[in-house]
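Here is how the chains run, residue by residue.
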Amino acid sequence: MKVVTVVGTRPEFVQVAPFTRAVRARHEEILLHTGQHYDQDMSDVFFEELQLPRPERRLSVGSGSHGEQTGKLLIEIERVLLEVRPDWVVVFGDTNSTVAAALAAAKLGVPLAHVEAGLRSFDRFMPEELNRVVTDHLANLLLAPTSRAVDNLRAEGITQGVELIGDVRVDLLAQSMERARPRLPGLARQFGLRDDVPFSLATIHRASNTDDPGRLGQILDALSRLELDVLLPIHPRLNKMLTEFGLHLPDNVRQAPPLGFLDLLAVLDGARAVITDSGGLQKEAYMLRRPTVTLRDTTEWVETVEAGWNRLAEPAELESAIEAALEHLPLTHPPLYGEPGVCARIVTCMENHSASSRGRS
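Now for a look at the structure at hand. These numbers were taken from a predicted model, which means no experiment stands behind them. (Residues numbered from 1 in each chain as written. Predicted model: local features only at pLDDT ≥ 70, side-chain atom pairs only at ≥ 80, totals over all residues. Heavy atoms only, no water.)

**Quick word on the overall build of the chain**
Consideration 1: Looking only at helices and strands, one finds 16 helices and 13 strands in the chain.
Consideration 2: For the chain, the C-alpha radius of gyration of 20 Å lies close to 21 Å, the compact-globule estimate for 361 residues.
Consideration 3: A principal-axis box enclosing the C-alpha atoms of the chain has dimensions of 65 × 45 × 40 Å.
Consideration 4: In the structure as shown, the chain presents an accessible area of about 14,900 Å², 50% of it carried by carbon and sulfur atoms.
Consideration 5: Computing the positive centroid from 38 side-chain charges and the negative centroid from 50, the chain places the two 5 Å apart. (Helix = DSSP H or I, 4+ residues; strand = E, 2+ residues; numbered from the N terminus. Rg over C-alpha atoms; globule rule 2.2 N^0.38 Å. Areas by Shrake-Rupley, 256 points an atom, 1.4 Å probe, with all protein chains shown as cover. Lys, Arg positive; Asp, Glu negative; His and termini not counted. Charge placed at Lys NZ, Arg CZ, Asp CG, Glu CD.)

**Brief notes about the pairing of strand β9 (residues 229-233)**
Each regular strand carries side chains that alternate between the two faces of the sheet.
Consideration 1: Buried residues dominate β9, accounting for five of its five residues.
Consideration 2: Both faces of β9 are covered, namely the face carrying D229, L231 and P233 and the face carrying V230 and L232.
Consideration 3: Taken together, the four bridges between β9 and strand β10 (residues 253-256) define a ladder with parallel strand orientation. Directly across from L232, in β10, lies its bridge partner Q255.
Consideration 4: After leaving β9, the chain enters helix α11 (residues 236-245) and then returns to the sheet as β10, a path that is right-handed. (Buried < 20%, exposed > 50% of the residue type's maximum accessible area, 1.4 Å probe, protein only. Pairing = 2+ DSSP bridges. Right-handed = clockwise from strand over helix to strand, strands pointing away.)

**Looking at the layout of surface pockets**
Remark: the empty space left among the atoms is shown by a probe the size of a water molecule rolled over them.
Consideration 1: In this structure, the second largest pocket occupies an estimated 210 Å³ of space.
Consideration 2: Forming the walls of the second largest pocket are 13 residues, and the residues nearest its centre are V170, M287, H333, P335 and G338.
Consideration 3: Elements that contribute at least two residues to the lining of the second largest pocket include exactly α7 (168-180) and α13 (279-287). (1 Å grid on protein atoms, 1.4 Å probe; cavity = no way out; pocket = protein on both sides within 12 Å on 5 of 7 lines; lining within 4 Å. Points joined across faces, edges and corners; volume = space filled by probe spheres on them.)

**Re the sheet that holds strand β11 (residues 273-276)**
Consideration 1: Pairing is parallel across the open sheet formed by six strands, whose spatial order is β10-β9-β8-β11-β12-β13. The open sheet has two edge strands, β10 and β13 (310-312), and neither has a second partner. Across the sheet, the mean angle from the axis of one strand to that of its neighbour is 20 degrees, orientation sign disregarded.
Consideration 2: Judged from the three bridges that link them, strand β8 (residues 199-203) and β9 form a sheet pairing that is parallel. Following the sheet pairing, F199 is matched in β9 by D229. (Axes fitted to C-alpha atoms, helices over the stretch in contact; angles between N-to-C directions.)

**What to know about the packing of α7 against α13**
Consideration 1: Relative to each other, α7 and α13 sit at 55 degrees, their axes nearing to 11 Å. Our classification of the angle between α7 and α13 gives oblique. Like other packed secondary-structure pairs, α7 and α13 cross with a definite hand, here right-handed. Contact with α7, carried on its side by R169, V170 and L173, involves G280, K283, E284 and M287 of α13 and no other residues of that element.
Consideration 2: Its residues assigned to classes, the contact of α7 with α13 comprises three nonpolar, one polar and three charged. (Parallel < 35°, antiparallel > 145°, perpendicular 65-115°, else oblique. Left-handed = near helix turned anticlockwise from the far one by under 90°. Contact = heavy atoms within 4.5 Å. Nonpolar A, V, L, I, M, F, W, Y, C, P; charged D, E, K, R; others polar.)

**Thoughts on α11**
One full turn of an α-helix is made of 3.6 residues, so residues set three or four places apart face in the same direction.
Consideration 1: All of the buried residues in α11 are L238, M241 and L242. Looking straight down α11, one finds that the buried residues subtend no more than 105 degrees of arc, so they occupy a single side. The exposed set on the far side of α11, more than 90 degrees from its buried face, consists of K240, T243 and E244.
Consideration 2: Buried residues in α11 make contact with α9 (207-210), α10 (213-224) and β9. (Arc of directions from axis to C-beta.)

**Details of the packing of aromatic side chains**
Consideration 1: Under the definition given, this model contains four aromatic pairs.
Consideration 2: Ring plane angle 85 degrees and centroid distance 6.4 Å describe the contact between Y286 and W309, whose orientation is recorded as edge-to-face. With Y286 in helix α13 and W309 in the loop between α14 (302-306) and β13, this pair connects stretches of sequence that are 23 residues apart.
Consideration 3: By relative accessible area, W309 is classed as buried at 7%.
Consideration 4: Plain terms: the ring middles of Y286 and Y337 are 5.9 Å apart, the flat faces sit at 85 degrees to each other, and that makes the pair edge-to-face. Here Y286 is found in helix α13, whereas its partner Y337 is found in the loop between α15 (318-327) and α16 (342-360), with 51 residues between them in sequence. Across the pair, Y337 and Y286 agree in class, each one buried. (Phe/Tyr/Trp six-rings, centres within 6.5 Å; stacked < 30°, edge-to-face > 60°.)

**Brief notes about the sheet that holds strand β1 (residues 2-7)**
Consideration 1: With parallel pairing, the seven strands of this open sheet are ordered in space as β3-β2-β1-β4-β5-β6-β7. Across the chains shown, the open sheet's two edge strands, defined by having one partner strand only, are β3 (57-58) and β7 (162-164).
Consideration 2: As paired strands, strand β2 (residues 28-33) and β3 are joined by two bridges and run parallel to one another. Following the sheet pairing, H33 is matched in β3 by R58.
Consideration 3: Here helix α1 (residues 10-24) sits on the sheet and contacts β1, β2 and β4 (88-92); the angle it forms with β2, its principal contact strand, is near 165 degrees.
Consideration 4: The strands touched by helix α3 (residues 66-84) are β1, β2, β3 and β4; relative to β1, the strand with the most contacts, the crossing angle is about 165 degrees.

**Focus on the side chain of S354**
Consideration 1: Within the element layout of this structure, S354 appears in helix α16.
Consideration 2: For S354, a relative accessible area of 13% puts it in the buried group.
Consideration 3: Apart from the residues lying within four places of it in its own chain, the contact partners of S354 are M1 and W88.

Shown next as structure tokens:
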């Protein structure tokens, strides 16, 4: 098989690492980097740390409005697919790169595999929700990480091509933790974390939290009231809005630049708790048994909330939510995201689907 794998953002770089190793062991892969995230801290460092091969194709789409960016991506990805003529296009998650590649593949009749299919926050104001819904309705092979995701697809009438395979981050953590953990002492010294004070890892980047000065101010105020130190890697959007609104970080918040994946895993493993609005970090925190408070009113990872390891909260509720999370750790930790070997199962599903399609032709 000839596979074009499309990535463009930080979460996709993380997910593609174990998949690329699995697919290249058995087939030809062309890695297409769309350039949606393009600076060193948000892109190149992930290829270096995760030992990803350099992309065979690289676009330079850059930033822009959602419509502008998606339109440019669609045009450029279509050109690559017309030239390469792959047997499969593989996309991850819910970014503009994801939906643009899905549209390009569907319009050209190229089979499309969607990793992380079936996730739903049921919040149509989130651009990511629109991207994932559209992609799922175009995909030929829907690779669901959880049984809840399978149920979501069934509720929308999607039953063909659905496979419950687990989450690729299970493979990634299994391959990465041994390299990540020794980094923690140096990172703690670098960012001024105190040995005698536990810390929480925080990530804030969604427009719903950063682009309103009132809400962003509430979040900073809530962080200031925590008895924990807070390590906050500053996403470019957050940095821009802090400057634009003239807001300052509280004294207990230790600022860090965007972290590479291994550094992020190291501080996640060392943290007492997690505060985030990121989808991927909610899962990684669950896998490492770190109690989490998500500063959103919805999540696509509902099962982490139901299992008691994740809480949804508004900024005013953050202090009490963190206290409850630390005082009432769940007694159980169900294997929500499957066992290692997820990426090999994805490749097998693609092989089987291709063989089945040839048999019907």
